[in-house]
Amino acid sequence: MLSDLPIRKIIHVDMDAFYASVAQLDNPDLIGKAIAVGGGGRRGVISAASYEARKFGVKSAMSGNLAIKLCPELIFVKTDFERYTEISKKIRKIFLDYTDLVEPLSLDEAYLDVTQNKKGNPSASMIAEEIRNRIFNEVGLTASAGISINKFIAKIASDYNKPNGQKTVNPEEVISFLEMLDIRKFYGVGKVTAEKMYQKGIFTGIDLKQKSIEFLEEHFGKSGSYYYNVVRGIHTSEVKPNRIRKSLAAERTFSENLSSEVFMMEKLKQIAEEVTKRLLKSNVAGKTVTLKIKYSDFSLQTRSKTLPYFVSDKNIILETAKDLLYQEKMSNSVRLLGISLSNLNTETKKVPEPKSVSAQLKFGF
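These remarks concern the structure in this document. Predicted model, so just to flag it, every value in this text is computed and none were measured.

**Side note on the pattern of salt bridges**
Then step 1. Scanning the model with the defined rule gives 18 salt bridges in all.
Then step 2. Across the salt bridge formed by K155 and E109, the nearest N and O atoms sit 2.7 Å from each other. Taken together, the residues span a long stretch of sequence, with K155 in helix 6 (residues 151–157) and E109 in strand 6 (residues 109–113) at a distance of 46 residues.
Then step 3. The closest approach of N and O atoms between D182 and R184, which form a salt bridge, is 2.8 Å.
Then step 4. For D182, a relative accessible area of 25% puts it in the partly exposed group.
Then step 5. Connected through salt bridges with shared partners, the residues D26, R83, E86 and K90 form a single ionic network.

**Overview of unusual backbone geometry**
Then step 1. Between K162 and the following residue, P163, the backbone shows a cis peptide bond with an omega angle of -10 degrees.
Then step 2. Relative to the helices and strands, P163 is located in the loop between helix 6 and strand 8 (166–168).
Then step 3. Despite not being glycine, A17 has its phi angle at roughly 45 degrees, a positive value.
Then step 4. Of note, A17 is situated in the loop between strand 1 (10–15) and helix 1 (18–26).
Then step 5. The residue N343 is not glycine, and still its phi comes out positive at about 55 degrees.
Then step 6. By secondary structure assignment, the location of N343 is in strand 12 (residues 334–344).

**Here we look at the nonpolar core**
Then step 1. Counting 58 residues, the largest nonpolar core has I11, F18, F95, L112, I135, F186 and L208 as the members making the most contacts within it.
Then step 2. The contacts of L112, once residues within four sequence positions are left out, are K9, I10, I11, V13, F95, T99, L101, V102, I131 and V239.
Then step 3. In terms of nonpolar packing, the next biggest core, distinct from the first, is built from 29 residues, M265, L268, L279 and M330 among them.

**What about the side chain of N117?**
Then step 1. Take N117: it is sitting in the loop between strand 6 and helix 5 (124–139).
Then step 2. Here N117 falls in the buried class, since its relative accessible area comes to 14%.
Then step 3. In this structure the side chain of N117 is engaged in a polar contact, spanning 3.0 Å, whose partner is the backbone oxygen of V114.
Then step 4. At 3.1 Å, the side chain of N117 and the backbone nitrogen of K119 are in polar contact.
Then step 5. Among all residues touching N117, those that are not within four sequence positions of it are Y98 and I127.

**Some details on the sheet that holds strand 3 (residues 46–49)**
Then step 1. Read across the sheet, three strands follow the order 3-2-4 without closing on themselves; strand pairing throughout is mixed. Each end of this open sheet is capped by a strand with a single partner; those strands are strand 3 and strand 4 (75–77). Between one strand axis and the next, the sheet turns through 30 degrees on average, direction left out of account.
Then step 2. Sheet analysis places strand 2 (residues 35–38) next to strand 3, joined by three bridges and oriented antiparallel.

**Things to note about the packing of helix 4 (residues 81–96) against helix 5**
Then step 1. Closest axis-to-axis distance for the helix 4/helix 5 pair is 10 Å, and the angle between their directions is 140 degrees. Judged on the interaxial angle alone, helix 5 and helix 4 are oblique. Once helix 4 is placed against helix 5, the crossing between them reads as right-handed. Mapping the contact onto sequence places I87, K90, I91, I94 and F95 in helix 4 and I131, R134, I135, E138 and V139 in helix 5.

**A look at the side chain of D113**
Then step 1. When you line up the elements, D113 lands in strand 6.
Then step 2. For the buried D113, no salt bridge is present, and the opposite-charge side chain at shortest range is R8, 4.4 Å distant.
Then step 3. Polar contacts involving the side chain of D113 include one to the side chain of T115, which spans 2.5 Å.
Then step 4. Apart from residues lying up to four places away in sequence, D113 is in contact with R8, K9, I10, T99, L101 and V239.

**Digging into the packing of helix 1 against helix 4**
Then step 1. Two numbers describe how helix 1 lies on helix 4: the axes approach to 11 Å, and their chain directions differ by 95 degrees. Classified by the angle their axes make, helix 1 and helix 4 are roughly perpendicular. In this structure, helix 1 uses F18, Y19, V22, L25 and D26 to contact helix 4, whose residues at the interface are F81, R83, Y84, I87, S88 and I91.
Then step 2. Across the contact of helix 1 with helix 4, the residue classes break down as eight nonpolar, one polar and two charged.

**Let's talk about the sheet that holds strand 1**
Then step 1. The strand order across the open sheet formed by five strands is 5-6-1-7-8, and the pairing between neighbours is mixed. Both outer strands of the open sheet, strand 5 (102–106) and strand 8, are each paired with one neighbouring strand and no more. Strand-to-strand twist in this sheet, taken as the mean axis angle between neighbours without regard to direction, amounts to 15 degrees.
Then step 2. Both strand 1 and strand 6 contribute to a ladder of five bridges, which runs antiparallel. Following the sheet pairing, H12 is matched in strand 6 by Y111.

**Here we look at the packing of aromatic side chains**
Then step 1. Scanning all chains against the criterion turns up 11 aromatic pairs.
Then step 2. Between Y198 and F203 the ring centres are 5.2 Å apart and the planes differ by 15 degrees, which places this aromatic pair in the stacked class.
Then step 3. Here the aromatic residues F152, F186, F220, Y226 and Y227 are joined through ring pairs into a cluster of three or more.
Then step 4. The ring centre of F215 lies 4.9 Å from the NZ or CZ of K211, which sits over that ring.
Then step 5. A cation sits over an aromatic face here: R232 above Y228, 3.7 Å from the ring centre.

Reading guide: rules and limits
- Residues numbered from 1 in each chain as written.
- Predicted model: local features only at pLDDT ≥ 70, side-chain atom pairs only at ≥ 80, totals over all residues.
- Heavy atoms only, no water.
- Salt bridge = Lys/Arg side-chain N within 4 Å of Asp/Glu carboxyl O.
- Helix = DSSP H or I, 4+ residues; strand = E, 2+ residues; numbered from the N terminus.
- Buried < 20%, exposed > 50% of the residue type's maximum accessible area, 1.4 Å probe, protein only.
- Core = buried A, V, L, I, M, F, W, Y, C linked by side-chain atoms within 4.5 Å.
- Contact = heavy atoms within 4.5 Å.
- Polar contact = N/O pair within 3.5 Å; in protein donor to acceptor, adjacent residues only side chain to side chain.
- Pairing = 2+ DSSP bridges.
- Axes fitted to C-alpha atoms, helices over the stretch in contact; angles between N-to-C directions.
- Parallel < 35°, antiparallel > 145°, perpendicular 65-115°, else oblique.
- Left-handed = near helix turned anticlockwise from the far one by under 90°.
- Lys, Arg positive; Asp, Glu negative; His and termini not counted.
- Nonpolar A, V, L, I, M, F, W, Y, C, P; charged D, E, K, R; others polar.
- Phe/Tyr/Trp six-rings, centres within 6.5 Å; stacked < 30°, edge-to-face > 60°.
- Lys NZ or Arg CZ within 6 Å of the ring centre and 35° of its normal.

Geometry only, nothing functional implied.
Spelled out as C-alpha cells, the structure:
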C-alpha cells in the first residue's frame, strides 16, 4: 500500500531545450528563432531543437534533411559539449546548496531529494521554484521541475508545464494523477510497448491498474511487476548521488554508406581510439564489448562479446570489435558504427547509500 511507504520529497529538474538554449544564450541573435543543434550536412542527425523549431515538428534524432523540409528557416548550430559541461557544473552547484542528494541523469536533468535539506525549508515546491529562479538569474537559462513522493512521478510531472514551469503531485493526489495518465506518459513505456498495451486495451493508468501482476508479467516479462507497482505509486528507488557508470561508448555516422568491411575497419580503428581515450579519462575498464551497426534502412543491430577479464587496451577492443564485425555477413550497407564497453569494473565498487526517511512527513509539499 502507498500509505505504508516512506514519503520522500523528490524534485526532478529538467532544463528547457538545453543545448539549443545554450546556443541562444551565447548568441542573442538566435533568440526567438528556429534552431537545431547538430544535424548540419547531408547526413547529419539533430541533437536538440529550440521550442521555435519544435512547433514545425523538428526534434532530436531527426535527420537534418527532414528537419529543413519541415522548417525551411531552420538554423543549424554546432554542438559544444565543453560549453554544455561548463554550464551544467554551474547548475549542479546550485543544486548542492540545497541537498547533497543530487543524482544527475545527464548534463541537463537531475533528481534532488529535499526531504531533509540544507535550507530547512519544509516545502519542496518552494525549493523547486527557488532553484529555477536561481538558474535563470545566475546562469541565464530556464528550467522546469516536477515535485512528488518518488522519482517516477517527479520525472513525469516535470514535463507537464514545460517550458519554464513546474508541477507538484501531492501525496493525496498521486493515485488519481496516475489513474488518469495517458499510458504514453509513463516513464519506461516506449513507443513499441505503448502499441502493445493498446492491443491489450491499456490506454490510461486506470486501465493498467485493472490488470493483474500475472497478466502483466505474462505479456511484458520482467517489466510487468514494474508497471504493476508504479501505477500504484510504488517506486522505491532512492536518489543516488554517486551513480555508477555502467557503460562507455563512441560512435560515428558516415557521410556515405559503407558496404565494404575494409572501409568499416578503418572507421572502427578511429572509434576504438575514442573509446580508449574515454576509458582512460574515466579510469575504468570493461569486459563486454558491443558493436552497434545502423544500416542504410535505419534498422539497428548489436553484437556483443564478453571477455574473461577487464580491458581498456585499444588493440584488444579493436580486435574484439573486428571479430564481431565478421561474425555474420552484413544485411545492407552501413551508415553508423559504434563500440561500447559495459560490465565495467565500477560496478563492483561500493557506493554510499543515502539515508532513507522512514517516517511519514507531517508538513505539506
